[in-house]
Amino acid sequence: MMTKKTRKPMGRNKRQNWVGWSFLSLWVIGFAVFTLYPILMSLYYSFSTVVLDGSGIQVTLVGLANYRAAFSTTAGFAFLSSVSDFAIEILFKVPIITVFAIIIAVLLNQKMKLRGIFRGIYFLPVIIASGPVINQLVNQGAATIPIVEEMGILDFINATFTPALARPIANVFQELIIILWFSGVQILLFIAALQKIDRSIYEAAMIDGAGPWESFWKITMPSLRSMIIVSVVFTIINLATFSENAAIAHIKRNMWISDTGFGFSSAIAWLYFIALAVILVIVVGIFRAFGRDKAVRR
Amino acid sequence: MNQNKLARIRRKIFGKQFGDGLIGRTALYLILAIVGFVYLFPLIKMFTFSIMDLGDLVDPIVEWIPTHVYIENYRTGLIVLQYGKTLLFSLAVTLVPAILQTVTTSLTGYALAKFSVKGKRIVFALILLTYLLPQQVYMIPKYVLFNELGILESAWSIILPSGFGQGLSSAIFILIFYQFFRMQPTSLDESAEIDGANQYQIFFKIGMPLAAPAYITAFLFSFVWYWNETYISSLFLGTDLYTLQLKLLNFQSQFNIAQGLTQTMTNEAIRYAATILIILPVLIIYLVMQKWFVEGVDRTGVTGE
């Protein structure tokens, strides 16, 4: 008794799915060709010796040799020490940037005249801070507040800390302004978060007798918590991929060394990514742990 | 009565909240102004030094204010950078990728925000991966790939990836558009659909125009980031093509090559003048479009809900 079903038009969900993928298609093609394929090849190279000659590239698998070289050759040691320098750098720079961004954001969030101009000033460096420009400023000594050198802070640092620690700390002081220059986006993120806090909470707290200091720690900071994580992750990645970063310079320089070349360079690039991932996991983990602490107490 | 008056005066001076009273106000402006000055210190130093001549540079008495305005440094800078020609090329590898990247990432963000696409989670994970994984990790195979495609040492090596949503910080722009399109009410789309519009018409006639702020912000950031980029361009453009930033990176060698200079050595004044010439285009754009940069972060809802 069943008549042959005429083909129904596609269901809405199915149609949606296809239309969605058609919007995504450019990205999918791009991801496959310009990202996924290079990532897989990079993994493959990192386990191989890659030789470039007239006829093209010759790739021979050598197992873990490149990774072993990273921990046993001078080039490898130079790279590793630049990575550990970077880790120490993060330890100093990220808190400085984050605290500075929060303070400026809180100040800029007050009702005031000239707010637009101040915001414009604090965001300006984001627009002009390219590798070569910052390079010029640091090399010419324009990145330091003159007071830092006049007061002998650098001598003090060199005298008090072990050389391994003194170098990054001295760096922080010498490039203090440039470090602060990396906080433009973070300031805006915090301002956006601050504006979402309901003003009536502050009023309620005030009626209950809380001063501005208490309000800041009990209302403002907890509301900024998730934005602090976002900002810290952004800062770390921003610093990690900055073109003047020493570790990244190593990866690039090693590309053109003929006997080790692409293979070794790919291997240290992956090591760099692993280091970065570990740092990010630790940092986010720390924030998570703090958050849980709070929740338990409440 | 008297106490009331006292309290009112006190409140006026100290304020009810931080930054409310007279003292708070003054402190607020003072702190912001001082920190702002320190913040801009490198720029100010760069500018004053760029108009100093050699005499002023070595003169220990002249510390901040040059004895006269000396623009020869800028002339030298223009020659060394080959400004006109390099600027045009810089714009080509900045403007074109910025536009393409904005369009493609908006399509991607729209798809994720409006359609129930199967595998959405995977796509999101991959987008996040492209953000977290430093470009440097897969730069080498990309170099080999571009070499095989024959687009190495040409502007295409910068332009092509951006057109497919794999440009500079594409992931961030996709997330911006995703957030923005998700906040758009669906009722408009639905009524258009009932009126017989297909999804592509809805995107071009409703989605795109309503998202104008997101487009402007994404384009501006994209433009600035491409302008400031040197790692990818130094690798892919080879040794014959130069953007302004790359010229600055190799300023000394470029200086030695340049013809028709009165000086034989670079000094910091010349380098500062060249640096200013390079940040000038983005600086002008920033001054004109400032509110799109600064408010864009808020308006596009990057901050999430």
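From a predicted model like this one, the values you see are computed outputs, not experimental measurements.

Criteria and cut-off values
- Residues numbered from 1 in each chain as written.
- Chains lettered and ligands numbered in written order.
- Predicted model: local features only at pLDDT ≥ 70, side-chain atom pairs only at ≥ 80, totals over all residues.
- Helix = DSSP H or I, 4+ residues; strand = E, 2+ residues; numbered from the N terminus.
- Rg over C-alpha atoms; globule rule 2.2 N^0.38 Å.
- Core = buried A, V, L, I, M, F, W, Y, C linked by C-beta atoms within 7 Å.
- Buried ≥ 20, exposed ≤ 12 C-beta atoms within 10 Å, placed from the backbone.
- Contact = placed C-beta atoms within 7 Å.
- Axes fitted to C-alpha atoms, helices over the stretch in contact; angles between N-to-C directions.
- Parallel < 35°, antiparallel > 145°, perpendicular 65-115°, else oblique.
- Left-handed = near helix turned anticlockwise from the far one by under 90°.
- Nonpolar A, V, L, I, M, F, W, Y, C, P; charged D, E, K, R; others polar.
- pLDDT = per-residue confidence, 0-100.

Caption draft 1: Local environment of the overall build of chain A. When you go through chain A residue by residue, the secondary structure sums to 14 helices and two strands. For 298 residues, the compact-globule formula gives about 19 Å, and the C-alpha radius of gyration of chain A, at 26 Å, lies well above that figure. If you line up chain A on its principal axes, its C-alpha atoms span 80 × 70 × 40 Å.

Caption draft 2: Examining the environment of B:Leu210 more closely. Its place among the elements puts B:Leu210 in helix α11 (residues 199-210). For the pair formed by B:Leu210 and B:Ser222, sequence separation is twelve residues and the distance between their alpha carbons is 20 Å.

Caption draft 3: Quick look at the nonpolar core. Core analysis: the largest hydrophobic core is formed by 131 residues, its most contacted members being A:Phe190, A:Ile268, B:Phe177 and B:Ala274. In contact with A:Phe190, other than residues within four places in its own chain, are A:Ala101, A:Ile102, A:Ala105, A:Leu224, A:Met227 and A:Ser231. B:Val93, B:Phe146, B:Tyr231 and B:Leu237 belong to the second largest nonpolar core, which has seven residues in total.

Caption draft 4: Focus on the packing of helix α7 (residues 153-160) of chain A against helix α8 (residues 163-174) of chain A. Residue and element names in this part refer to chain A. Taken N-terminus to C-terminus, the directions of α7 and α8 make an angle of 165°; their axes are 9 Å apart at the nearest point. Regarding the angle of α7 to α8, the classification is roughly antiparallel. Handedness of the crossing formed by α7 with α8: right-handed. Of the residues in α8, those touching α7 at Ile 153, Leu 154, Ile 157 and Asn 158 are Ala 166, Ile 169, Ala 170 and Phe 173. When grouped by side-chain class, the residues that make up the contact of α7 with α8 number seven nonpolar, one polar and no charged.

Caption draft 5: Spotlight on the interface of chain A and chain B. At the junction of the two partners, chain A supplies 67 residues and chain B supplies 65 residues. Among the elements of the structure, α1 (12-46), α4 (115-128), α5 (131-139), α9 (176-181), α10 (184-195), α12 (212-240), α13 (246-255) and α14 (261-297) of chain A are those that each provide at least two residues to the side of chain A that touches chain B. With 20 residues, the top contributor of residues to the side of chain A that touches chain B is α1(A). Of the residues that constitute the side of chain A that touches chain B, the class distribution is 49 nonpolar, 17 polar and one charged.

Caption draft 6: Main features of the confidence of the model for chain B. Put simply, chain B has an average pLDDT of 84, and 90% of its residues get 70 or more. Interface confidence in the predicted complex, given as ipTM, is 0.83; pTM for the same model is 0.86.

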